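Chain residues, written in single-letter form:
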Amino acid sequence: MAIGQRIKFFRNLRKLTQKELGLKLGFPKNAADVRVAQYESETRIPKDDLISAFANLFDVSPKALNVPEIDTYIGLMHTLFALEDTYGFKINKIDGQLCITLDNHNKSFSTLFENLNSWQAEYEKLTNGEITQEEYDEWRYKYPQIEAERFKRDIDKLRENKKKSE
């Protein structure tokens, strides 16, 4: 999905008008909505600092905005092919169902496995009713920030427990 579509998606998710978003970004009052419309339509492409400002206002990772062009089936297929080349994704059939698997001989396997395993665990929490759709979306859109915060909390708890047992 192109960056303009992602900006619009998150703007709507946060229930902001183009004018409100433009003003929050510091654009002049008389041009705020026009500037945001230009970014959403991609007549202008935001530079990294503006992408960071959008992400900050939306409370998401900049990477949630600047994703590959996957808004067509052909674009999606080429994204999947690139993932095969880069990360060892493989297309397979398991029990008659198409699925994507990981090549465990690929150098990225262990890191990617951990990342995808985290995603699956969050999705399972959602399907089990342990978290809400909003909490799941927050995890996805702030990834990996929330994972890092959880890891730090877990390490802090281990250290605290170790001190108590000494």
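In this convention, every chain numbers its residues from 1, walking through the sequence in written order. Selection of residues for local features in this predicted model requires a pLDDT of at least 70, selection of side-chain atom pairs for listing and counting requires 80 or more, and totals for whole chains, interfaces and linings are taken over all residues. Only heavy atoms go into the side-chain values, all of them from the structure, while hydrogens and water stay out.

Novice: Please explain the confidence of the model for the chain as it appears in this structure.
Specialist: Regions with low pLDDT should not have their predicted coordinates read in detail. Values of pLDDT, ranging from 0 to 100, describe the predictor's confidence in every residue of the model. Of the residues in the chain, 99% reach a pLDDT of 70 or more, and the chain-wide mean stands at 92. A run of H or I in DSSP becomes a helix once it reaches four residues, and a run of E becomes a strand once it reaches two; helices and strands are each numbered from the N terminus. When the elements of the chain are averaged for pLDDT, helix α9 (residues 145–165) gives the smallest value, 85, and helix α2 (residues 18–24) the largest, 98.

Novice: Would you explain a nonpolar patch on the surface in this entry?
Specialist: Excluding any residue in a salt bridge, patches collect residues exceeding 30% relative accessible area, merging like charges within 9 Å and nonpolar Val, Leu, Ile, Met, Phe, Trp and Tyr side chains within 5 Å. Note on areas: these come from Shrake-Rupley sampling with a 1.4 Å probe, and a residue is covered only by the protein chains present in the view. Criterion for a salt bridge: a side-chain nitrogen of Lys or Arg within 4 Å of a carboxyl oxygen of Asp or Glu. A cluster of nonpolar side chains, I70, Y73 and L76, forms an exposed patch at the surface whose accessible area comes to about 330 Å². Turning to its location among the elements, Y73 is positioned in helix α6 (residues 73–87). Exposed residues in this analysis have more than 50% of their type's maximum accessible area, buried residues have under 20%, and partly exposed residues fall in between, with area computed by a 1.4 Å probe over protein chains only. By relative accessible area, which is 72% here, Y73 ends up exposed.

Novice: Explain the nonpolar core to me, please; I cannot follow it from the model alone.
Specialist: Most often, soluble globular proteins have nonpolar side chains that are buried together. Membership of the largest hydrophobic core comes to 19 residues, with the highest contact counts inside it found for I7, L21, F54, F58, V60 and L65. Contributions of two or more residues to this core are made by α1 (3–13), α3 (32–41), α4 (48–58) and α5 (62–65). No other element matches α4, which puts five residues into this core. Note on contacts: a residue pair is in contact if any heavy atoms of the two residues lie within 4.5 Å. Leaving out residues up to four positions away in the same chain, F54 has contacts with I7, L21, L25, Y39, P46 and L65. As used in this record, nonpolar core signifies buried Ala, Val, Leu, Ile, Met, Phe, Trp, Tyr and Cys residues forming a set joined through side-chain atoms within 4.5 Å.

Novice: Teacher, can you tell me more about the packing of helix α7 (residues 109–127) against helix α8 (residues 133–141) here?
Specialist: Two numbers describe a pair of packed helices, the interaxial angle and the distance between the axes. Think of each axis as a best-fit line through the C-alpha atoms, taken over the contacting stretch in the case of a helix, with angles from 0 to 180 degrees between the N-to-C directions. Across the interface, α7 lies against α8 with an axial gap of 9 Å and an inter-helix angle of 165 degrees. Relative to α8, α7 is oriented roughly antiparallel. Classified by chirality, the crossing of α8 by α7 is left-handed. Only Q133, Y136 and W139 of α8 make contact with α7, whose side of the interface consists of S118, W119, E122, Y123 and L126. Residues belonging to the contact of α7 with α8 are distributed by class as follows: five nonpolar, two polar and one charged. Just so you know how the angles are binned, under 35 degrees is roughly parallel, over 145 roughly antiparallel, 65 to 115 roughly perpendicular, and the rest oblique. For a crossing to be left-handed, the near helix must be turned anticlockwise from the far one by less than a right angle; the clockwise case is right-handed. Each residue is assigned to one of three groups, with Ala, Val, Leu, Ile, Met, Phe, Trp, Tyr, Cys and Pro labelled nonpolar, Asp, Glu, Lys and Arg labelled charged, and all others, Gly among them, labelled polar.

Novice: Please clarify how the pattern of salt bridges should be interpreted in this entry.
Specialist: Note that side chains of opposite charge can pair when their charged atoms are close. Using the criterion set out here, one finds 11 salt bridges in the structure. Residue E40 is joined to R11 by a salt bridge in which the shortest nitrogen-to-oxygen separation is 2.4 Å. Taken together, the positions of E40 in helix α3 and R11 in helix α1 put the pair 29 residues apart, joining distant regions of the chain. Note on E40: relative accessible area 12%, which makes it buried. The partner of K142 in a salt bridge is D59, with the nearest N and O atoms 2.8 Å apart. In this pair, K142 sits in the loop between α8 and α9 while D59 sits in the loop between α4 and α5, placing the two residues 83 residues apart along the sequence. On the basis of relative accessibility, which here comes to 11%, the residue K142 falls in the buried class. If you follow the salt bridges from partner to partner, you end up with E122, K125, E147 and R150 in one network.

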